[in-house]
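Spelled out, the chains give:
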2 protein chains.
Amino acid sequence: MNNVAMIGVGISRFGRRTDARMDELAWEAFKEALEDSGVTQKDIDQFVVSNLGGWSSELLPAVVVGEYCGLAPKPTMRIEAACASGSAAAYHAYLAVASGQADIAAAIGVEKMSESTLPTTVELIGRAGNFFWEFENFGLTFPGYYALYATAYMDKYGAKEEDLAEVAVKNHYYGSLNPKAHFRKRIDVSDVLRSRYVAWPLKLLDSSPVTDGAAAVIFANSDKAKQFVDDPVWIRGIGMGSGTSNLSKRDDFLHLEAAVRAARRAYAQAGVLDPRRTFDVAEVHDCFTIAEILAYEDLEVVGRGEGFKLAKEHQVYKGGMLPTNLSGGLKAKGHPIGATGLAMLAELKRQLRQEVGGERQADIKKGWALAHNIGGTGHYAYVTIVSLDKGAE
Amino acid sequence: MNNVAMIGVGISRFGRRTDARMDELAWEAFKEALEDSGVTQKDIDQFVVSNLGGWSSELLPAVVVGEYCGLAPKPTMRIEAACASGSAAAYHAYLAVASGQADIAAAIGVEKMSESTLPTTVELIGRAGNFFWEFENFGLTFPGYYALYATAYMDKYGAKEEDLAEVAVKNHYYGSLNPKAHFRKRIDVSDVLRSRYVAWPLKLLDSSPVTDGAAAVIFANSDKAKQFVDDPVWIRGIGMGSGTSNLSKRDDFLHLEAAVRAARRAYAQAGVLDPRRTFDVAEVHDCFTIAEILAYEDLEVVGRGEGFKLAKEHQVYKGGMLPTNLSGGLKAKGHPIGATGLAMLAELKRQLRQEVGGERQADIKKGWALAHNIGGTGHYAYVTIVSLDKGAE
């Protein structure tokens, strides 16, 4: 199996992008990835597009994006794994290079969420739980799903609403420093506590927004990486898991089993022995504040019931035990579904290469970073581990 | 790169399946694939689900299907490449095994097309051309797209409507012999000519139906193939291509450029020197009769302008130059979008292993077969070559 490098990354500006079509957004990210890597479209053997797209009028996003990005007639397909679609696309591109079927493969993720000609975005996202049972019969939508986790967690471990709020405050702080973030306004705990309830105990400011945006990553084998760039970042492990879509079938609402499995698989592939001491920086799936706290625990960075303390004690800021979501996260940077997993990888490449700079730049000492991306409410989980070091060929 | 075998295949009954939900349809096919291979769910490292699904209320088909098939919590994702989604899923599973990331991987394709709670199926399929330009501005739907090809072809080469009809007659004949086909009624050329126009010169009986159905293929590396089955069929090459979604940008309406590229790539990987003399049997993408005729030519089985003669001279029946769509094809077996590419591979495994039997069984002399699967109107093309022979490891 070939080693696989990320040689170029790009991210569009996130936000309510009524100024750009889906294909234009994709190009904004992909163009940056081309420039970052120095490759041109002709060097790319195949590409893949991640997009959930239930709200889009465009039924076949991959070809439309590919054509606008100058990639037709390269082989392509669309990948969907709910909110983990971008990570799934990265996995497919990784397989193409790892297997030798491609020397260079691109993954482009995009979501134009504000364009909904069909049922509303909130209704459609609600269907991304379990449509037939939980959505149609009980009217559960996504804030409701995560509220079940938040209430169970608070009840079991004594966490408070203000502890959850710490995650939002941190992610808005870093979002304020990220020129591509959807929200660039700093907030404090009292702002979060004063915001209106969406599904108790989750409030508006515990929730990630409906965001348009795109991200792109170009992957290459060792030879091509050497040919094009001096600064690749290597994929060291990708772990995946899936879980039941029926919350009623889950053992508890205190962890996402799929994420635990994905993390362990990724650690095994990458040879990570102690996840508490391996990573300089992480991007995790904070669609709601409670989700980021579960992530610390599912990744085994802390024990069960200790995640909220990390947030409370500011151990997930720069300089802390595990700086997390220095991009602003889904919460403040935004969560254009198909783009999110690739935006995480793009951020991590720049963090490890110390290209972010300023207050958002993590201290890079170990040269390892981690992305944790959830689809649905743990329907899918992807954990991707990247490193400055190539590992054994 | 590991060799990759198909060790088990399954197909649900195709048709208007109001008796089964999407996940139940998927299980009908997957259960057969498990039985065919002797593997159980625990042996499968990862799976992938192909589904277009714009008409479904279920936004995340892969998890729902995976759970019902007993595959959760295995890693998964959904793959979409329009009407070539099943082939794209096969490609992903192939990469997973070829790269060594999985020993055994399953691809399950399913489409419940008769369940549309959103805009109508015909409208949604129309969007699978180019939504913003051709569908919204000109109202082109799929029969219209292919009618442009049919008129150009007839004008250039002198083919007649009755020549196109020959494809429908053949495919209905074989469909009548396939217990899983949607349409099992034989028709003759006059039936086709008397059926009503959908988009001149294409008539109702030139068109594939709206069909529910599922198909599944289990892929394995050499070691696992040997462990579980005596009769694997090997993937020898997969070629892919994409094309512009704007028909207005195509050079002509006489060929699908993406299909030509996909075929040449597949031939190169498989070492096929003369496509006219290599294959015992083929499954090609006959969404409309003209599409099957273009397929003969795009696959370089005959020269340009000669495809319609193959049909006319019955060279694509059993015993002819290239027996094609002995399953009944999309035309009569039906075209449940996410399932189609996998149903083609399932049919070819059974054909090569001479398990079909009777009038539908091709004579197997060379041990090679080919699947040709188009997404959109040539937006995507996949050509997959399979063989009884494993090839070099």
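The coordinates are above.
Residues numbered from 1 in each chain as written. Chains lettered and ligands numbered in written order. Predicted model: local features only at pLDDT ≥ 70, side-chain atom pairs only at ≥ 80, totals over all residues. Heavy atoms only, no water.

A. Just the interface of chain A and chain B, in detail. Taken residue by residue, the interface counts 61 residues in chain A and 61 residues in chain B. For the pair chain A and chain B, the summed buried surface comes to about 4900 Å²; carbon and sulfur atoms form 60% of the total. Linking chain A with chain B are four salt bridges, by the criterion used here. Between Glu67 of chain B and Lys249 of chain A there is a salt bridge; the shortest N-O distance is 3.4 Å. Sorting elements by how many residues they give to the side of chain A that touches chain B places helix α3 (residues 85-98) of chain A first, with seven residues. Counted by class, the side of chain A that touches chain B contains 31 nonpolar, 20 polar and 10 charged residues. (Contact = heavy atoms within 4.5 Å. Buried area = accessible area lost by both parts, 1.4 Å probe. Salt bridge = Lys/Arg side-chain N within 4 Å of Asp/Glu carboxyl O. Helix = DSSP H or I, 4+ residues; strand = E, 2+ residues; numbered from the N terminus. Nonpolar A, V, L, I, M, F, W, Y, C, P; charged D, E, K, R; others polar.)

B. Representation of the nonpolar core in the model. One finds Phe219 of chain A together with Phe219 of chain B to be the most contacted residues of the largest nonpolar core, which totals 285 residues. Setting aside chain neighbours within four positions, we find Phe219 of chain B in contact with Val4, Ala5, Met6, Ala90, Ala93, Val97, Asp103, Ile104, Ala105, Ala107, Ile235 and Leu345 of chain B. (Core = buried A, V, L, I, M, F, W, Y, C linked by side-chain atoms within 4.5 Å. Buried < 20%, exposed > 50% of the residue type's maximum accessible area, 1.4 Å probe, protein only.)

C. Expanded view of the environment of Gly158 of chain A. Residues and elements named next belong to chain A. Mapped onto the fold, Gly158 is located in the loop between α6 (142-157) and α7 (161-177). Overall, Gly158 belongs to the partly exposed group, its relative accessible area being 35%. When the C-alpha positions of Gly158 and Ala270 are compared, they lie 35 Å apart, and in sequence the two are 112 residues distant. Sequence-distant contacts of Gly158, defined by excluding residues within four places in its chain, comprise Tyr153 and Phe308.

D. Here's a closer look at the relation of the copies chain A and chain B. When chain A is brought onto chain B, the operation consists of a screw motion whose angular component is 180 degrees and whose axial shift is 0.0 Å, with 0.0 Å RMSD remaining. The superposition operator between the copies reduces to a two-fold rotation axis. Considering only C-alpha atoms, the residue of chain A closest to the rotation axis is Ser99 of chain A, which sits at 2.0 Å. Here 100% of the contact residues of chain A are again contact residues in chain B; the copies associate through an equivalent surface. (Least-squares fit on C-alpha atoms with pLDDT ≥ 70 in both.)

E. Broad picture of the packing of aromatic side chains. Residue and element names in this part refer to chain A. Evaluated as defined, the whole model comprises 26 aromatic pairs over all chains. Ring geometry for Tyr153 and Phe308: centres 6.1 Å apart, planes at 85 degrees, overall edge-to-face. With a gap of 155 residues between them, Tyr153 in helix α6 and Phe308 in helix α12 (residues 307-312) connect regions that are remote in the sequence. In this structure, Tyr153 and Phe308 share a single accessibility class: buried. Taken together through their ring pairs, the aromatic side chains of Phe142, Tyr145, Tyr146, Tyr149, Phe253 and Phe288 make up a single cluster. (Phe/Tyr/Trp six-rings, centres within 6.5 Å; stacked < 30°, edge-to-face > 60°.)

F. Region of the structure containing the side chain of Glu283 of chain B. Residue and element names in this part refer to chain B. Tracing the chain through its elements places Glu283 in strand β9 (residues 281-283). You can call Glu283 buried: its relative accessible area is 1%. There is a polar contact of 2.8 Å between the side chain of Glu283 and the side chain of Ser327. When sequence neighbours within four positions are dropped, the list of residues in contact with Glu283 reads Asn325, Leu326, Ser327, Lys333, Met344, Glu347, Leu348, Leu370, Ala371 and His372. (Polar contact = N/O pair within 3.5 Å; in protein donor to acceptor, adjacent residues only side chain to side chain.)

G. Spatial organisation of the pattern of salt bridges. A complete count under the given rule lists 51 salt bridges over all chains for this structure. Close ionic contact of Arg277 of chain A with Asp274 of chain A constitutes a salt bridge, the shortest N to O distance being 2.4 Å. The salt bridge involving Glu347 of chain B is made with Arg360 of chain B; its shortest N-O contact spans 2.8 Å. Here Arg360 of chain B lies in the loop between α14 (337-352) and β10 (368-375) and Glu347 of chain B lies in helix α14, a separation of 13 residues in the sequence. Through salt bridges that share partners, Arg13, Arg17, Asp19 and Glu28 of chain A make up one connected network.

H. Quick peek at the pairing of strand β2 (residues 46-50) of chain B. Residues and elements named next belong to chain B. Of all five residues in β2, five are buried; the element is thus mostly enclosed. Of the two faces of β2, both are covered, the one formed by Gln46, Val48 and Ser50 as well as the one formed by Phe47 and Val49. Relative to strand β4 (residues 104-111), β2 runs parallel, the two sharing five bridges. In the strand pairing of β4, Val48 is matched with Ala107. (Pairing = 2+ DSSP bridges.)

Purely geometric stuff here, so don't read any function into it on its own.
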